[in-house]
Amino acid sequence: MVKRRKEASSSIGYVFLFLTVMLLVIITMYMMQVAKLMTHQHHVDDALTGSVLGSLVADDEYYFLTYETTGNPIVRFKDVDESFDIFSDCMYEAVNETVDYYYNFSLDSFICYEVEGGNVTVTTYSGNGGRKSVTLGRVGSVRTPTGAVVRETSAYGKVRFDIRSILDGSFITKTKDIYCTLEINQ
């Protein structure tokens, strides 16, 4: 009796099954990384919005002295340095509440736009140390880094941070920014 070799006809099926499992593992890891990134972005968006809105402290005495009931009142910051301090304190507090969540967190820029008449005073704070510079412009010609035309007293904040990838442990650098305006009697 002659024994015949059995053909390996199902080897293609095993290869296909292995590739399917590998594809599912890769897709699952990718989706986990995307979910982590989205969680970070939502947290920073919320903290950034709260921080910039918190920094918009208007000078109410000056506002009422410009006769807000009889004409167009002038809204300006009570103290731009204090507004930067509020912004940075709020951001650092939000980040410090999350251990092993953000790495290399920094404040890229914070800008206060004060509109008075046809002029815009732009006070820019750069970096974590808050290097301050002041420039002047005309209403309609000054634009924010997001591209919005400055027409009223407002503020802009931008932060930079790293998150650790769950795929290989490397860092992914992200930036987030927001522009908020003061709207009174509108």
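Residues numbered from 1 in each chain as written. Predicted model: local features only at pLDDT ≥ 70, side-chain atom pairs only at ≥ 80, totals over all residues. Heavy atoms only, no water.

### Comments concerning the overall build of the protein chain
Counting its regular elements, the protein chain contains three helices and five strands. The secondary structure elements of the protein chain, listed N-terminal to C-terminal, are α-α-α-β-β-β-β-β. Each of the 186 residues in the protein chain was classed as buried or not, and the buried ones make up 34%. In the protein chain, of all internal contacts separated by at least 6 residues, the share reaching a separation of at least 24 is 58%. A total accessible area of about 11,900 Å² is found for the protein chain, and carbon and sulfur atoms account for 56% of it. (Helix = DSSP H or I, 4+ residues; strand = E, 2+ residues; numbered from the N terminus. Buried < 20%, exposed > 50% of the residue type's maximum accessible area, 1.4 Å probe, protein only. Contact = heavy atoms within 4.5 Å. Areas by Shrake-Rupley, 256 points an atom, 1.4 Å probe, with all protein chains shown as cover.)

### Description of the packing of aromatic side chains
The tally for this structure, following the rule as stated, stands at seven aromatic pairs. An aromatic cluster of three or more residues is present, and its members are F84, F87, F110 and Y125. The lysine or arginine in question, R164, covers the ring of Y103, its NZ or CZ lying 5.0 Å from the ring centre. (Phe/Tyr/Trp six-rings, centres within 6.5 Å; stacked < 30°, edge-to-face > 60°. Lys NZ or Arg CZ within 6 Å of the ring centre and 35° of its normal.)

### Considering the nonpolar core
Inside soluble globular proteins, nonpolar side chains tend to come together where they are buried. In this structure, F87, M91, F105, L107, F110, V159 and F161 are the most contacted members of the largest nonpolar core, which totals 25 residues. Counting residues per element, the ones that place at least two in this core are α1 (11-55), α3 (80-96), β1 (103-116), β4 (154-164) and β5 (171-181). Per-element accounting of this core gives the leading share, six residues, to α3. Excluding anything up to four places from it in sequence, F105 contacts M91, Y92, V95, N128, V159, R160 and F161. (Core = buried A, V, L, I, M, F, W, Y, C linked by side-chain atoms within 4.5 Å.)

### Some thoughts on unusual backbone geometry
Of note, the phi angle at N104 is positive, near 55°, even though the residue is not glycine. Looking at the secondary structure, you find N104 in strand β1. Judged by relative accessible area, N104 falls into the exposed class, the value being 53%.

### Considering the pairing of strand β3 (residues 131-138)
Consecutive side chains along a regular strand alternate between the two faces of the sheet. Across eight bridges, the pairing between strand β2 (residues 119-126) and β3 is antiparallel. Across the sheet, the residue bridging to N119 is R138, located in β3. Hairpin connection of β2 to β3: four residues between the antiparallel strands, including G127 at a positive phi of 75°. (Pairing = 2+ DSSP bridges.)

### As for the sheet that holds β4
Strand order in the open sheet made by the five strands is β3-β2-β1-β4-β5, with antiparallel pairing throughout. Each edge of the open sheet carries a strand with a single partner, namely β3 and β5. Direction aside, the axes of adjacent strands within the sheet are offset by 15° on average. The strands touched by α3 within the sheet are β1, β2, β3 and β4, with β1 carrying the most contacts at an inclination of about 150°. (Axes fitted to C-alpha atoms, helices over the stretch in contact; angles between N-to-C directions.)

### Digging into the pairing of β2
Two elements, β1 and β2, share eight bridges in a ladder whose sense is antiparallel. In the sheet register, F110 faces β2, and the bridge partner there is Y125. Between β1 and β2, which follow one another and run antiparallel, lie two residues, and G117 among them has a positive phi close to 70°.

### Some words on the side chain of T123
Among the structural elements, T123 can be located in strand β2. Residue classification places T123 among the buried residues on the basis of a relative accessible area of 3%. The residues touching T123, leaving out its near neighbours within four places in the chain, are V80, F110, I111, C112, K132, S133 and V134.

None of the figures reported here should be taken as evidence of function without further support.
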